[in-house]
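Chain by chain, the residues:
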Number of protein chains: 2
Amino acid sequence: MAVKYTLEKKSSECEARAGVISTPHGDIKTPVFMPVGTKATVKTMTPEELKDLGAQIILGNTYHLFLRPGDELIKKAGGLHKFMNWDRPILTDSGGFQVFSLSNINKITEEGVEFKSHIDGSSQFISPEKSISIQQNLGSDIMMAFDECVDPSATKEYVAQSLEMTLRWLDRCVASHTNKNQALFGIVQGGLFKDLRKRSVEETIKRDCQGFAIGGLSVGETKEEMIDILRFTTPLLPEDKPRYNMGVGTPDYLFESVEAGIDMADCVLPTRIARNGAAMTSEGQLNIRNSKFKEDFTPLDHECDCYTCKNYTRAYIRHLVNVNEILGARLITYHNLYFLTHLMDEIRQSIIEDRFLAFKNEFYNKYGYTKEK
Amino acid sequence: MAVKYTLEKKSSECEARAGVISTPHGDIKTPVFMPVGTKATVKTMTPEELKDLGAQIILGNTYHLFLRPGDELIKKAGGLHKFMNWDRPILTDSGGFQVFSLSNINKITEEGVEFKSHIDGSSQFISPEKSISIQQNLGSDIMMAFDECVDPSATKEYVAQSLEMTLRWLDRCVASHTNKNQALFGIVQGGLFKDLRKRSVEETIKRDCQGFAIGGLSVGETKEEMIDILRFTTPLLPEDKPRYNMGVGTPDYLFESVEAGIDMADCVLPTRIARNGAAMTSEGQLNIRNSKFKEDFTPLDHECDCYTCKNYTRAYIRHLVNVNEILGARLITYHNLYFLTHLMDEIRQSIIEDRFLAFKNEFYNKYGYTKEK
């Protein structure tokens with residue numbers, strides 16, 4: 001078995017749960033936040049730094065790696081783990097989301113998606129079989145099924161037809177999935193329509209999947225809509241398999257996802273905003289470019305004990321960001337990933353001690369994380 | 001005494017010498033290569049990485065730090081060491097070279113230099129007193145005297161007059177030098193005119209300086225001209241004080257400088273070329289973008305045991321550089337600085353064992369460092 005989920009503790013108040021996912025590259029304590037390493041590197045970080053800050057698993061992006069340097073090259077290198085010198089678990093997405101969000105789509109057919117590369121405009125084609133083939137070349141621990149990411153403005157009729165195609169695509173992914181050291185996760189679709197979500201869950205869980213993602217969220221719906229769909233959909237999934245909410249990375253979205261029964265989440269947010277000078281702190285998001293930090297010789301986050309906060313001041317990091325020095329992006333990236341990783345550790349501990357909702361309320365009340373400093 | 005030079009061994013065949021410079025932030029074994037940390041950071045590196053790769057002392061640039069974030073801010077932070085979290089020695093230049101090379105000069109007068117900032121065009125003024133004041137605010141271990149960097153095409157008459165002004169400026173630097181925990185190095189000028197070099201040395205060494213630099217080189221003259229002036233000038237300097245050749249960082253220039261009796265050198269080259277994908281290796285300079293490295297799963301330098309070479313392949317680093325990932329610049333920067341630092345260690349050892357020229361010839365013959373791969 002490529003991955004195995006062991007439930008450790010379930011909240012008595014909500015769907016939140018703590019568990020362990022075991023993989024060929026080690027165990028993952030859940031719930032877990034997964035840093036994104038799109039192009040075979042979590043931007044600005046070394047693998048040692050990722051381990052040091054507590055990352056248990058990282059993502060790689062199939063679309064990007066397929067285009068550059070190519071999955072065949074990575075296979076020759078011995079797989080993505082060896083290529084990038086990361087020996088902990090890796091999850092790869094299917095390429096679907098990027099095909100739909102980054103490329104000019106030429107044509108979506110039953111067979112797959114024809115698109116133009118965002119890099120050089122070349123024509124490319126990804127089908128369910130191709131996606132699995134790429135992911136098997138990459139050798140990730142967890143592969144995602146190739147699905148259609150439906151535009152949030154699509155009609156119910158379109159969403160209904162699309163989820164049926166996604167199910168047929170899932171069958172083809174399952175059929176192509178030959179390397180059983182790698183897990184395959186199915187993706188539940190259905191947009192904001194609960195009857196369609198139900199249909200999608202019922203059919204998806206019949207397939208040979210080792211975990212499930214809730215797809216079609218974080219694509220423009222409101223936070224309330226996302227929470228509503230998550231709370232409806234997640235409990236329909238089998239308890240003995242991991243559940244993954246793709247693309248969320250703010251503290252509130254992590255709390256809400258966990259409360260709905262989600263085990264895994266990922267997002268480029270902490271690394272992306274770091275390169276723009278924004279830090280996630282226990283007092284809310286902080287834009288280090290703000291002139292009020294000019295002579296602030298205190299750490300980014302006064303409650304943090306990460307490498308960045310132990311060694312550098314806001315004034316120094318502000319200077320680095322202002323003069324476009326790479327070390328500035330490095331230091332904030334490190335801190336932001338540490339912040340989310342450790343927040344998830346605390347969330348996990350609160351579940352084990354059955355005080356998740358109290359911890360959530362405490363966090364929300366005390367820190368006001370959406371406050372812009 | 002801010003710095004003290006102890007001669008350990010002098011070559012029996014040439015002017016090469018091994019020694020130790022002691023400073024308030026620790027000892028420096030010489031000859032030494034000094035990485036450049038222009039804007040209070042050696043580009044892409046943390047202080048821990050610099051220590052790990054063997055850096056004993058780094059440079060800060062007075063001109064850049066004066067403009068951003070400002071020397072007063074750094075003074076408030078507790079000095080440059082504390083601001084950037086580097087507890088080993090720091091040398092600051094005088095700002096002179098950057099004033100002459102980066103700015104639009106308005107006016108050079110006996111009083112100092114009026115120039116427009118390369119950042120915002122604002123009018124600025126640096127005099128010998130101002131340069132020392134900035135450097136005292138920065139709190140470097142070694143300060144450089146403010147001198148005029150003469151254009152290499154200048155007439156002998158101009159060079160002669162300029163060196164006299166630089167001597168008067170040195171007197172003003174010495175008079176402003178109040179913090180005796182910091183050393184002040186004088187700079188010998190005189191262009192390519194040996195009689196002027198002799199005059200400059202004779203007068204400069206009369207002043208209260210704790211070390212000396214050979215100025216006005218690496219500004220467009222040929223390698224042979226540089227070697228000729230270095231071999232003429234350096235032996236005229238007192239044996240009990242360190243000698244510094246500013247702005248050299250290729251292996252051949254380091255060998256030639258050491259052979260002429262130089263103890264210290266610095267250059268942005270290893271860090272700058274790293275960000276363009278060029279690595280210094282024992283087989284010569286290597287441009288990682290070259291397509292022949294596409295599937296090369298061997299280290300950057302087959303004879304190197306640095307962090308980069310122990311953990312990553314040419315194919316991976318090439319990929320990172322091709323997709324503009326910061327980790328690519330980090331890995332090559334680390335390697336290049338390690339390469340030069342360790343080359344200087346080997347050079348030092350060869351001097352101690354009185355086989356410097358043999359080692360130089362061996363290096364030149366075996367490696368052909370200028371060969372472009």
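Residues numbered from 1 in each chain as written. Chains lettered and ligands numbered in written order. Predicted model: local features only at pLDDT ≥ 70, side-chain atom pairs only at ≥ 80, totals over all residues. Heavy atoms only, no water.

**Focus on the relation of the copies chain A and chain B**
Okay, so step 1: When chain A is fitted to chain B, the best match, at an RMSD of 0.0 Å, comes from turning it 180° and sliding it 0.0 Å along the axis. Classification of the inter-copy transformation places it as that of a two-fold axis. Of the C-alpha atoms belonging to chain A, the one lying closest to the rotation axis is found on A:Ile326, 3.8 Å away.
Okay, so step 2: Counting the interface residues of chain A, we find that 100% of their copies in chain B are interface residues as well, pointing to one common contact surface. (Least-squares fit on C-alpha atoms with pLDDT ≥ 70 in both. Contact = heavy atoms within 4.5 Å.)

**Remarks on the UniProt feature "binding site: substrate" (unreviewed entry) in chain A**
All names here are of chain A.
Okay, so step 1: Residues given the UniProt feature "binding site: substrate" (unreviewed entry) here are Asp93, Ser94, Gly95, Gly96, Phe97, Asp147, Gln189 and Gly216.
Okay, so step 2: Topologically, Ser94 is positioned in the loop between β6 (90-92) and α5 (96-102).
Okay, so step 3: Contacts of Ser94, omitting those with residues within four sequence positions, involve Thr62, Ser131, Gln135, Met144, Ala145, Phe146 and Asp147.
Okay, so step 4: Separated by 3.0 Å, the side chain of Ser94 and the backbone nitrogen of Gly96 make a polar contact.
Okay, so step 5: Among the structural elements, Gly95 can be located in the loop between β6 and α5.
Okay, so step 6: Take Gly95: its relative accessible area is 0%, and that puts it in the buried class. (UniProt positions renumbered as here; feature names shortened; annotations may be inferred. Helix = DSSP H or I, 4+ residues; strand = E, 2+ residues; numbered from the N terminus. Polar contact = N/O pair within 3.5 Å; in protein donor to acceptor, adjacent residues only side chain to side chain. Buried < 20%, exposed > 50% of the residue type's maximum accessible area, 1.4 Å probe, protein only.)

**Overview of the environment of A:Thr313**
Residues and elements named next belong to chain A.
Okay, so step 1: Turning to its location among the elements, Thr313 is positioned in the loop between α12 (307-311) and α13 (314-322).
Okay, so step 2: Here the alpha-carbon distance between Thr313 and Pro299, two residues 14 residues apart in the chain, equals 4.6 Å.
Okay, so step 3: The residues contacting Thr313, other than those within four sequence positions of it, are Asp296, Phe297 and Thr298.
Okay, so step 4: A distance of 3.0 Å separates a polar side-chain atom of Thr313 from the backbone nitrogen of Tyr316.

**Digging into the UniProt feature "domain: tRNA-guanine(15) transglycosylase-like" (unreviewed entry) in chain A**
Okay, so step 1: On the UniProt side, "domain: tRNA-guanine(15) transglycosylase-like" (unreviewed entry) is annotated at positions that read residues 15-367 of chain A here.
Okay, so step 2: Helix makes up 43% of residues 15-367 of chain A and strand 18%, with an end-to-end C-alpha separation of 24 Å.

**Quick look at the packing of aromatic side chains**
Okay, so step 1: Summed over all chains, the structure comprises 21 aromatic pairs over all chains.
Okay, so step 2: Ring geometry for A:Phe255 and A:Phe363: centres 5.1 Å apart, planes at 45°, overall tilted. In this pair, A:Phe255 sits in helix α10 (residues 251-259) while A:Phe363 sits in helix α15 (residues 356-367), placing the two residues 108 residues apart along the sequence.
Okay, so step 3: Among the residues examined, A:Phe363 registers a relative accessible area of 5% and is labelled buried.
Okay, so step 4: The interplanar angle of 90° and the centroid separation of 5.6 Å between the aromatic rings of B:Phe255 and B:Tyr364 together place this pair among those described as edge-to-face. (Phe/Tyr/Trp six-rings, centres within 6.5 Å; stacked < 30°, edge-to-face > 60°.)

**Comments concerning the sheet that holds strand β14 (residues 264-267) of chain B**
Residue and element names in this part refer to chain B.
Okay, so step 1: If you walk across this open sheet you meet the eight strands as β4-β14-β13-β12-β11-β10-β6-β5, and the pairing is parallel. Of all strands in the sheet, those with a lone pairing partner are β4 (32-35) and β5 (58-60), marking the two edges. Ignoring which end each strand starts from, the neighbouring axes of this sheet average 30° apart.
Okay, so step 2: Where β5 lies against strand β6 (residues 90-92), three bridges are found, and the strand directions are parallel. Its bridge partner lying in β6, Ile58 is registered against Ile90.
Okay, so step 3: The strands that helix α8 (residues 194-204) touches are β11 (183-188) and β12 (211-214); relative to β11, the one it contacts most, it runs at about 160°. (Pairing = 2+ DSSP bridges. Axes fitted to C-alpha atoms, helices over the stretch in contact; angles between N-to-C directions.)

**Structural notes on the interface of chain A and chain B**
Okay, so step 1: Contact with chain A, which involves 35 residues of that partner, is made by 35 residues of chain B.
Okay, so step 2: With both sides pooled, the region where chain A packs onto chain B buries about 3200 Å², and carbon together with sulfur makes up 58% of that total.
Okay, so step 3: In this structure, B:Glu295 engages A:Lys76 in a salt bridge whose closest nitrogen and oxygen atoms are separated by 2.9 Å.
Okay, so step 4: Across the contact surface, chain A and chain B share 16 residue pairs in polar contact (both at pLDDT 80 or more).
Okay, so step 5: Elements supplying a minimum of two residues to the side of chain A that touches chain B: α1 (47-52), α3 (71-76), α4 (80-84), α12, α13 and α14 (326-352) of chain A.
Okay, so step 6: Top element by residues in the side of chain A that touches chain B is α13(A). It accounts for five residues.
Okay, so step 7: Partitioning the side of chain A that touches chain B into residue classes produces 18 nonpolar, seven polar and ten charged. (Buried area = accessible area lost by both parts, 1.4 Å probe. Salt bridge = Lys/Arg side-chain N within 4 Å of Asp/Glu carboxyl O. Nonpolar A, V, L, I, M, F, W, Y, C, P; charged D, E, K, R; others polar.)

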